[in-house]
Amino acid sequence: MKNKQIHPSIFYTIIILYLEVLLKLVMTKQIFNLGILYLVIFTIPIIVLLTILTKSFNPKVNRVLSIIIMLIVSILFGVQFVYFTLFSVPFSFSSIGMADQALDFITIIKDTLIKYWYYILAILAPFIIFCIFQKKINYERNTAKRTLANLVSFIVLYLATFTVLIPNQQSSKQLYFNVDNPIAIIDRFGMLTYTKIDVKRQLFGYEAEILLDTDYPTEPTPEPEPEEIVYGDNVLEIDFEAKASNKKAIQQINNFVSAQTPTSKHEYTGMFEGKNLIFILAEGFNEIAVDEVRTPTLYKMINEGFVFKNFYSPVHLSTTGGEFQAVTGLIPTQESLTLWKKEKPTVRYALGNAFGNIGYRTQAYHNWTHTYYKRQVTMKTLGFNNYIGCGNGLEKEMNCGWLPYDTDMINVTTPKYLGKEGNFMTYYITVSGHSPYNSGSRPARRYIKEVTGEYSTAVKYYLASQMELDRAVEQLIKNLEASGELDNTVIALVGDHYPYTLSTNEVNEVSTYTKDGVVEVNKSNFIIWNNQMEEPIIVDKVGSQIDVLPTLLNLFGIEYDSRLIIGKDILSNGECLAIFSNYSWVSDYGTYFANKKKFVPKEGVTLENQEEYVNAIKNRVSNYYSISKLIMDNDYYDYILGSEW
């Protein structure tokens, strides 16, 4: 008697739901919430469709097709796991525009696969089991009547999924159609549904929704006494009525921006007016790297300039996301970064453009491939037409082999702009602190013997790599002093992201307090230093990378409209938010963990209307993502400012 065979839909159901739950757990650290119900509801039609596809041909074709589909599904989940582990956001097809740099991540990807082999095995195991049990699966072709019935079932089930998208605040309907929050979409609907939504948005686009921006209480601390000096606001004269548009997206931005309260100028406005600026985006730099003995120059600058006690460098798609935040003041998405690399938008307030507009000589240098992240394009958008990296000139003056020394870049580039007439604004992107943190890093090998302490190997090499950054900054200061430009030059430094190839446990080997893996692991330093500052200026206010640009613009007395930039001057009266890729956030009142939907007030802070406050900030965070995207999609700065700025 022939053994009874199993219908393939049973395997599809078990495998897909298993993979969905596994990835949901990895990305959101939770399973049992409302999303698990939605996930099942939205996954059932997919399973029915797969069943139709693999029961419509002869058994041999059905078997091969089934194996191919399950292999693709397994690979898709595997890719999402690796991508999320590296960049803290799910993979989107919009990021294919950055695929030209994939080869540079081969070592990191390999290390990730080795480090998390048990997850990879857990993802591939169902496919292996599926292949083993092939002979027990019934691949007989369905009758035309059964196929039709299955097709009708698919259509009914698919349409029925939309009935559960009930509109409400931060609703599933908004998430499905109008909100760009990949992790929340996966949490609510599952990875396969997210993939469907992502593909649809890449092909046909979508309208980002601006949520109601409500007021919220801010009374935990007493209101300060009115100041006698009125400094005015960082705002330009923009006639939004005259700039009204029939284009919905433009009008959405107009309505949002015009309703924003501009940040005020203050006692530090124009503090550095007329001085030079050297801005450093430091690869992998984080507060755990700073030590009075290992990194004395960085330690000195952090504690003698502006001292930002609550600054964060949130990971948004690796270095390119960190760079985008710091030099544009906007929040990056995979779509906006891809657009940025096509030289389409005019980012008027970007660092090079802002200083170039007031007559500064602007130049940028990177001691790695000059086309990395398409910087040969993005540097022009940022206002750096004089950009040199390895491949368009720097390789002739220094060793550009993996990994180059930051000190070499400083020594060969400072003669290009020091001692020249007029003010300068120089932008450095370092690379010595790049992972992997092992003996494959030349800069780390240079200092590894000087790293003492009971640290794991990866942590030791990371700390050694940051010593190279410290020596580079030290050399920069020496070169400035020798040229007579030190007194008249401000050095600003910010990390692109924390060393995310280190585990949270490894980060905590060095941290002075226990960090979580979502928010506090991103806490870092922001250096603004000039040797003429008589004493440090302590800033307790929360800030992050999106606040870097407006803070610098105000310090240098550059006129700008604070309503047009998502980030805020950290030194102003505007409330700053540190916003993370999973929509978690930190404010001066507490921390919101999006994966847990939990708000933790800061010690000593009491909010009488906490729920209202949290909902209002959640809306604001969602709007900041939407507005950042809309600004890039619609080249908004060019539209609203024209040639006037």
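See above for the structure.
Computed from a predicted structure; not experimentally measured.

Rules behind the numbers
- Residues numbered from 1 in each chain as written.
- Predicted model: local features only at pLDDT ≥ 70, side-chain atom pairs only at ≥ 80, totals over all residues.
- Heavy atoms only, no water.
- Salt bridge = Lys/Arg side-chain N within 4 Å of Asp/Glu carboxyl O.
- Helix = DSSP H or I, 4+ residues; strand = E, 2+ residues; numbered from the N terminus.
- Buried < 20%, exposed > 50% of the residue type's maximum accessible area, 1.4 Å probe, protein only.
- Pairing = 2+ DSSP bridges.
- Contact = heavy atoms within 4.5 Å.
- Disulfide = S-S within 2.5 Å.

Undergrad: Help me get a handle on the pattern of salt bridges, residues and values and all.
TA: In this structure the tally under the stated criterion is 17 salt bridges. Residue Asp638 pairs with Arg348 through a salt bridge whose shortest N-O separation is 2.8 Å. Highlighted residues: Asp638 in helix α22 (residues 636-641) and Arg348 in the loop between α13 (334-340) and α14 (351-356), separated in sequence by 290 residues. When its relative accessible area of 34% is taken as the criterion, Asp638 is described as partly exposed.

Undergrad: Quick rundown of the sheet that holds strand β10 (residues 578-579)? Include the residues and the values.
TA: An order of β10-β11-β12-β13 is seen for the 4 strands of this open sheet, with the pairing classed as antiparallel. With partners counted over all chains shown, the strands left at the sheet margins are β10 and β13 (598-601), one partner each. Where β10 meets strand β11 (residues 585-587), 2 bridges bridge the pair, whose relative direction is antiparallel. Bridge pairing in β11 links Ile579 to Trp585.

Undergrad: Before we move on, can you summarise helix α15 (residues 375-382) with the specific residues and values?
TA: Counting buried positions along α15 gives 6 out of 8 residues, so the element sits mostly inside the fold. Along α15, the residues that are buried comprise Arg375, Val377, Thr378, Met379, Thr381 and Leu382. Structurally, α15 contributes buried residues whose contacts are with α12 (318-328), α13, α14, β3 (361-369), β4 (387-390) and β5 (424-429). Phi turns positive, to about 100 degrees, at Gly383, one or two residues after α15.

Undergrad: Got a sec to walk through the state of the cysteines? Specific residues and values, please.
TA: According to the stated counting rule, one finds 1 disulfide in the structure shown. A sulfur-sulfur distance of 2.1 Å marks the disulfide that ties Cys390 to Cys400. Between Cys390 and Cys400 the sulfur-sulfur dihedral comes to about -75 degrees; the bridge is accordingly left-handed. Taken together, the residues Cys390 in strand β4 and Cys400 in the loop between β4 and α16 (406-417) connect sequence positions 10 residues apart. Residue classification places Cys390 among the buried positions, given a relative accessible area of 8%. A relative accessible area of 16% means that Cys400 is categorised as buried.

These values are about where atoms sit, not about what they do.
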